[in-house]
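This is what each chain is made of:
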Amino acid sequence: MNPQIDEHGQFRHLLTMQGLSADNIHSILDRAESFVSSPGSGPRTSAELKGRTIVNLFFEASTRTRSAFELAGKRLSADVLNMDVATSSTSKGETLLDTLKTLEAMDVDMFIVRHHASGAAQFIANQVRPGVAVLNAGDGRHAHPTQALLDVFTIRRHKPDFASLSVAIVGDILHSRVARSEIRALRALGVRDLRVIGPSTLLPSGLAELGAQPETDMDRGIEGADVIIMLRLQKERMSGHFLPSADEFYQRYGLTQSRLAGARADALVMHPGPINRGVEIESRVADGPQSVILQQVNHGVAVRMAIMSMILGQSGARR
Amino acid sequence: MNPQIDEHGQFRHLLTMQGLSADNIHSILDRAESFVSSPGSGPRTSAELKGRTIVNLFFEASTRTRSAFELAGKRLSADVLNMDVATSSTSKGETLLDTLKTLEAMDVDMFIVRHHASGAAQFIANQVRPGVAVLNAGDGRHAHPTQALLDVFTIRRHKPDFASLSVAIVGDILHSRVARSEIRALRALGVRDLRVIGPSTLLPSGLAELGAQPETDMDRGIEGADVIIMLRLQKERMSGHFLPSADEFYQRYGLTQSRLAGARADALVMHPGPINRGVEIESRVADGPQSVILQQVNHGVAVRMAIMSMILGQSGARR
Amino acid sequence: MNPQIDEHGQFRHLLTMQGLSADNIHSILDRAESFVSSPGSGPRTSAELKGRTIVNLFFEASTRTRSAFELAGKRLSADVLNMDVATSSTSKGETLLDTLKTLEAMDVDMFIVRHHASGAAQFIANQVRPGVAVLNAGDGRHAHPTQALLDVFTIRRHKPDFASLSVAIVGDILHSRVARSEIRALRALGVRDLRVIGPSTLLPSGLAELGAQPETDMDRGIEGADVIIMLRLQKERMSGHFLPSADEFYQRYGLTQSRLAGARADALVMHPGPINRGVEIESRVADGPQSVILQQVNHGVAVRMAIMSMILGQSGARR
């Protein structure tokens with residue numbers, strides 16, 4: 001049984017893409033459609049979560065992801081509390097569990113959790129009382145499910161026939177929770193041709209078991225691809241044994257205009273952001289007509305509103 | 001005359017427990033009852049303070065207490081502004097009074113003040129214009145009235161006959177604003193057997209005048225007690241002349257399961273948090289069936305909503 | 001054409017006072033009148049911007065100005081997001097433009113921008129898509145238009161006949177975006193006798209072209225003035241080549257009670273805050289009957305609500 005979903009098929013948490021079916025995923029994406037704004041019409045809002053309390057519990061700093069969750073919650077009329085545990089003196093030596101239980105006792109309905117330890121969101125979901133929801137906003141190298149959902153949502157809006165797609169994910173796969181969640185989501189939705197590209201030092205073992213095909217040559221990897229997802233390269237991993245230099249990475253794996261020509265002419269260019277221009281991606285590709293990077297950001301709010309609404313809203317499971 | 005209460009018996013500020021009658025205290029606790037959530041029903045909210053502005057003016061960092069006040073204000077539909085003066089460059093050398101007057105000029109209705117100096121909340125209450133309220137969220141070693149209120153609220157829900165109770169407060173009484181406010185609240189509510197327990201270096205003089213009985217022996221102090229309130233030990237006072245070590249403190253005053261057996265079988269175990277496990281309290285006592293520590297946290301929001309509502313709400317004194 | 005105002009005379013941005021007519025300015029001030037609170041009646045609020053998103057994008061720390069904008073937005077029922085880029089790890093090396101475009105993609109309706117670089121607000125306004133508004137909350141030494149508006153609003157409420165006024169601005173004109181915006185606003189409103197006073201090292205060239213008369217002697221400068229605007233002296237400029245010491249500045253330019261006697265008996269004393277008591281201004285002048293410093297703060301919220309409402313509200317240009 002999937003601990004994220006109750007016996008009636010309702011979401012209780014969102015912790016990982018593992019175990020989610022195509023139907024589960026499409027149900028979130030369908031709901032997200034209703035939260036996408038029309039150009040120039042201002043953000044979509046609703047009173048659905050009025051009186052509910054959502055806490056952004058961030059043990060790693062991330063203004064960008066936190067803002068997307070904060071806006072999603074506020075636009076559903078929830079009360080949103082930001083707890084920046086990374087930088088605050090919050091805990092005063094308190095254990096993670098005591099911090100959590102203390103907040104829970106204040107009648108929090110949902111925790112958005114980012115933590116540097118893989119498994120933290122699942123651990124927290126195991127500890128909260130029934131009716132309290134946990135959304136994983138990134139845990140260690142493990143999972144970042146809302147990022148994967150906004151990615152497949154963006155792909156579906158352009159190229160809905162997942163079974164026919166060739167998708168390439170490029171970069172530091174080894175350290176990437178984003179890549180892990182994307183691979184699971186894309187495979188669940190039926191993608192058969194899924195290529196995972198990077199230097200061998202940054203390709204973890206076990207990719208074949210997940211249904212992804214490892215590849216160290218960029219040009220071969222993106223040949224004929226319908227979708228290219230570039231990952232952010234963490235600069236702190238540049239020096240050391242993983243990579244010789246940012247320059248060399250760009251030479252071998254950077255998505256330039258000329259390299260992009262090897263993919264399909266209508267290939268989508270994606271990136272979870274923040275982008276390192278000239279490291280993973282050439283500026284004119286990032287800003288070019290095939291880039292859907294800013295659409296991803298826009299869809300990120302819609303997807304988060306969707307899952308919040310499905311878990312805490314009127315039509316979600318009652319508590 | 002009590003500056004916290006106007007001539008019609010309405011609260012104008014909440015600065016200290018000193019001078020509050022049993023009726024004054026019960027009126028807040030009665031109101032708080034309406035803000036306690038039922039298990040699994042989500043937080044209680046109201047539109048009572050819609051359009052009102054509450055500023056959390058914190059000169060000492062405290063994410064925990066600030067969060068409780070922030071949630072209390074938001075759940076009453078007030079606009080809440082967080083001013084973390086401890087860490088911000090807010091003042092740029094501005095005096096406390098200029099910071100206060102500037103915020104007041106922005107039509108702030110209520111200041112929640114935490115400050116390291118004893119008397120700061122009273123000082124600020126003396127300076128604000130009529131109709132502007134001040135709630136003391138802890139000032140130096142002086143007072144922490146909302147903590148005392150949530151404590152007596154928690155006790156009242158379990159053991160309402162204060163006159164018959166034996167209550168023990170344990171730990172660093174000398175530096176504790178929590179203890180000072182608790183002693184006043186418990187005495188006002190009629191507690192006759194009030195024991196204050198700690199090493200002699202941490203027991204201030206004048207306890208007898210307040211109606212509390214000092215005691216240096218833990219086992220004798222908690223014998224037959226109905227309620228045991230453990231205080232947080234500030235680690236920075238561990239080394240130095242007050243205490244030899246955390247270990248020795250735990251040996252002499254830590255609330256262990258075996259020691260707890262000396263109190264009444266239904267004795268309540270309380271702590272204002274955050275707890276230091278293995279310093280003041282054994283984990284299985286903190287998490288055990290007699291512990292009401294998380295209820296205290298829950299009641300902390302309800303009590304703060306109550307006093308905000310009584311001062312700023314429709315039924316409060318008009319301005 | 002003024003990029004701040006569209007072809008129908010509607011405000012799209014507020015970036016600078018340059019190019020604004022007396023009619024443009026009075027239209028904002030007229031709207032601001034409806035947002036000034038009556039004494040003791042609590043803040044004015046409205047549901048006008050419900051569902052709109054306003055982001056405080058501050059690249060320089062400023063709790064005071066940020067709070068005024070935050071309250072203005074919240075009192076109009078907008079969702080307000082604070083992005084403190086100065087202190088956060090927001091950008092992770094991201095370019096200003098990428099940070100901006102990312103937030104814009106989250107369907108932000110308005111950016112409030114403070115930046116240390118002159119021209120930053122204009123740069124950002126050039127980059128946002130149609131329908132997204134930018135308010136300049138201070139850019140380098142260039143402009144601080146909402147400060148100038150709240151100043152002239154305060155003057156107009158006391159002395160509405162601008163053409164007959166003698167106004168003196170005193171202090172570090174060279175580094176002051178406040179002074180630049182005030183000079184433009186006062187001139188646009190018809191002030192003919194505008195004196196700009198400070199040591200010659202702090203008086204920029206080109207003042208005469210702006211219609212202001214430079215003056216190095218304080219007593220001569222404020223003689224017969226109807227309005228005296230003291231600027232904040234940045235302490236970091238005290239030592240160095242601009243000024244010998246704070247003491248000497250106060251001796252020559254500090255606004256003392258005896259010096260104030262040289263102005264008109266009903267002269268208004270103004271200061272953008274935070275004030276340095278005993279550096280720019282004597283305490284009894286700052287707190288005296290002629291001081292309107294706290295009125296300025298109060299009006300600052302009203303003026304910001306006015307411009308937000310004019311740009312994003314129902315009666316503003318539709319998008």
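Bear in mind the structure is a predicted one, so any value in this text is a computation, not a measurement.

A few points about the pattern of salt bridges
Under the defined criterion, the tally for this structure stands at 57 salt bridges over all chains. When the shortest N-O distance is used, the salt bridge between Glu70(B) and Arg66(B) registers 2.7 Å. Remark: Arg66(B) and Glu70(B) occur in helix H2 (residues 63–75); sequence separation between them is four residues, near one turn of the helix. Assessed through its relative accessible area of 13%, Arg66(B) is described here as buried. We note a salt bridge from Arg264(C) to Asp226(C), for which the minimum N-O separation is 3.0 Å. Remark: Asp226(C) occurs in the loop between helix H8 (218–222) and strand S8 (227–230) and Arg264(C) occurs in the loop between helix H10 (257–260) and strand S9 (268–270); sequence separation between them is 38 residues.

Considering the relation of the copies chain B and chain C
Rotating chain B by 120° and translating it 0.0 Å along the rotation axis places it on chain C, where the RMSD comes to 0.0 Å. Taken together, these values place the two copies in the relation of a three-fold axis.

So, the side chain of His299(A)
Residue and element names in this part refer to chain A. Tracing the chain through its elements places His299 in helix H12 (residues 293–312). On the basis of relative accessible area, His299 is assigned to the buried category, the value being 3%. Excluding its chain neighbours within four sequence positions, the residues that come into contact with His299 are Val36, Leu150, Phe153, Thr154 and Arg157.

Some remarks on the UniProt feature "binding site: L-aspartate" (unreviewed entry) in chain A
Residues and elements named next belong to chain A. Look at the UniProt record and you will see "binding site: L-aspartate" (unreviewed entry) annotated at Lys92, Arg177 and Arg232. Examined against the element boundaries, Arg177 turns out to sit in helix H6 (residues 177–188). What Arg177 contacts, discounting residues up to four positions off in sequence, is Glu60, Arg114, His115, Gly138, Asp139, Gly140, Arg141, His142, Ala143 and His144. Look at Arg232 and you get buried, because its relative accessible area is 14%. A distance of 2.6 Å separates a polar side-chain atom of Arg232 from the backbone oxygen of Pro274.

What to know about the packing of aromatic side chains
Residue and element names in this part refer to chain A. One pass over the structure, following the stated rule, counts three aromatic pairs over all chains. Taking 5.5 Å as the distance between ring centres and 35° as the angle between the ring planes, the aromatic pair formed by Phe249 and Tyr253 counts as tilted. Pair noted here: Phe249 and Tyr253 are both in helix H9 (residues 246–253), with a separation of four residues, about one helical turn. Summarising the burial analysis for this pair, Phe249 and Tyr253 share the class buried. The ring of Phe69 has Arg304 sitting right over it, with the charged end atom 4.6 Å from the ring centre.

Concerning the interface of chain A and chain C
Contacts between the two partners involve 24 residues from chain A, matched on the other side by 22 residues from chain C. Carbon and sulfur atoms supply 53% of the area buried between chain A and chain C, which totals about 2100 Å² over both sides. Where chain A touches chain C, the interface holds one salt bridge. Among the salt bridges present, the one from Asp98(C) reaches Arg277(A), with a minimum N-O distance of 2.8 Å. Linking chain A with chain C are eight residue pairs in polar contact (both at pLDDT 80 or more), by the criterion used here. Secondary-structure elements contributing two or more residues to the side of chain A that touches chain C are helix H2 (63–75) and H12 of chain A. For the side of chain A that touches chain C, a count of residues per class yields nine nonpolar, eight polar and seven charged.

What to know about the UniProt feature "binding site: carbamoyl phosphate" (unreviewed entry) in chain A
All names here are of chain A. UniProt records the feature "binding site: carbamoyl phosphate" (unreviewed entry) for Arg64, Thr65, Arg114, His144, Gln147, Gly273 and Pro274 in the present numbering. You can see His144 is positioned in the loop between strand S4 (133–139) and helix H5 (145–158). Excluding residues that lie within four positions of it along the chain, His144 makes contacts with Thr65, Arg114, Ala137, Gly138, Arg177, Val178, Ser181 and Arg304. A polar contact is formed between the side chain of His144 and the side chain of Arg114, at a distance of 3.3 Å. Look past the residues within four positions of Gln147 in its chain and what remains in contact with it is Val178, Pro272, Gln296 and Arg304.

Focus: the environment of Glu209(A)
Inspection of the secondary structure assignment puts Glu209(A) in helix H7 (residues 207–210). When the C-alpha atoms of Glu209(A) and Leu96(A) are compared, they prove to be 34 Å apart, with 113 residues separating the residues in sequence.

Brief notes about the interface of chain B and chain C
At the junction of the two partners, chain B supplies 23 residues and chain C supplies 24 residues. Together chain B and chain C conceal approximately 2100 Å² of surface at their shared face, both sides included; 53% is due to carbon and sulfur atoms. There are eight residue pairs in polar contact (both at pLDDT 80 or more) connecting chain B and chain C. At the level of secondary structure, the elements contributing two or more residues to the side of chain B that touches chain C comprise strand S2 (79–84) and helix H3 (96–105) of chain B. The biggest single contributor to the side of chain B that touches chain C is S2(B), with five residues.

Cut-offs and rules
Residues numbered from 1 in each chain as written. Chains lettered and ligands numbered in written order. Predicted model: local features only at pLDDT ≥ 70, side-chain atom pairs only at ≥ 80, totals over all residues. Heavy atoms only, no water. Salt bridge = Lys/Arg side-chain N within 4 Å of Asp/Glu carboxyl O. Helix = DSSP H or I, 4+ residues; strand = E, 2+ residues; numbered from the N terminus. Buried < 20%, exposed > 50% of the residue type's maximum accessible area, 1.4 Å probe, protein only. Least-squares fit on C-alpha atoms with pLDDT ≥ 70 in both. Contact = heavy atoms within 4.5 Å. UniProt positions renumbered as here; feature names shortened; annotations may be inferred. Polar contact = N/O pair within 3.5 Å; in protein donor to acceptor, adjacent residues only side chain to side chain. Phe/Tyr/Trp six-rings, centres within 6.5 Å; stacked < 30°, edge-to-face > 60°. Lys NZ or Arg CZ within 6 Å of the ring centre and 35° of its normal. Buried area = accessible area lost by both parts, 1.4 Å probe. Nonpolar A, V, L, I, M, F, W, Y, C, P; charged D, E, K, R; others polar.

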